[in-house]
Amino acid sequence: MTGHAVVKGSRPKAAQAHDGQGPVRMCVICRGRFPKAELARYAQGRDGLEPDPGRTAPGRGVYVCARPECLERFRSMAQGKKLKGEIKK
Ligand SMILES: [Zn+2]
């Protein structure tokens with residue numbers, strides 16, 4: 001009498017913003033989103049932002065995509081940071 005129907009299937013899918021590409025990071029220059037593997041990581045070093053190919057440097061890291069203009073702009077940006085503290089007269 002008691003219709004105890006067990007409904008199988010229709011498992012809730014986890015909402016995924018990206019189609020299984022893994023972690024995504026934002027390029028600090030163009031603000032585009034890329035798979036983490038395609039971005040170069042830089043970390044704050046003693047002399048400014050330094051490349052961190054191993055992605056192991058402590059502290060705050062930034063990511064830059066592979067576009068030449070982004071790398072170019074990032075280089076000048078990193079140099080600007082390096083000059084921080086110097087006083088020009
Ligand atoms: Zn970029």
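Residues numbered from 1 in each chain as written. Predicted model: local features only at pLDDT ≥ 70, side-chain atom pairs only at ≥ 80, totals over all residues.

**Notes on the sheet that holds strand S4 (residues 48–51)**
- The sheet built from 3 strands is open, its strands ordered S4-S3-S5 with antiparallel pairing. Each edge of the open sheet is held by one strand with a lone partner, namely S4 and strand S5 (61–64). Strand-to-strand twist of the sheet, defined as the mean angle between neighbouring strand axes without regard to direction, takes the value 35 degrees.
- As defined by bridge partners, strand S3 (residues 40–45) adjoins S5 across 4 bridges and the pair is classed as antiparallel. Of the residues in S5, the one forming a bridge with alanine 43 is glycine 61. (Pairing = 2+ DSSP bridges. Helix = DSSP H or I, 4+ residues; strand = E, 2+ residues; numbered from the N terminus. Axes fitted to C-alpha atoms, helices over the stretch in contact; angles between N-to-C directions.)

**Overview of unusual backbone geometry**
- The backbone of arginine 31 sits at a positive phi, close to 65 degrees, despite the residue not being glycine.
- Note on arginine 31: 9 C-beta atoms within 10 Å, which makes it exposed.
- Even without being a glycine, arginine 55 presents a positive backbone phi close to 55 degrees.
- Tracing the backbone shows arginine 55 in the loop between S4 and S5.
- Taking the C-beta count within 10 Å as the criterion, arginine 55 has 12 such neighbours and is therefore assigned exposed. (Buried ≥ 20, exposed ≤ 12 C-beta atoms within 10 Å, placed from the backbone.)

**Regarding the nonpolar core**
- Judged by nonpolar contacts, Cys27, Leu39, Tyr42, Leu49, Val62, Tyr63, Val64, Cys65 and Phe74 together constitute the single largest core of 9 residues.
- The biggest single contributor to this core is S5, with 3 residues.
- Leucine 39 has contacts with Arg25, Cys27, Phe34, Tyr63, Val64 and Cys65, leaving out every residue within four places of it along the chain. (Core = buried A, V, L, I, M, F, W, Y, C linked by C-beta atoms within 7 Å. Contact = placed C-beta atoms within 7 Å.)

**Side note on the pairing of S3**
- In the sheet, S3 pairs with S4 via 4 bridges, with the strands oriented antiparallel. Bridge pairing in S4 links alanine 43 to glutamate 50.
- Between S3 and S4, which pair antiparallel in sequence order, lie 2 residues.

Functional significance is not addressed by these values, which are geometric in nature.
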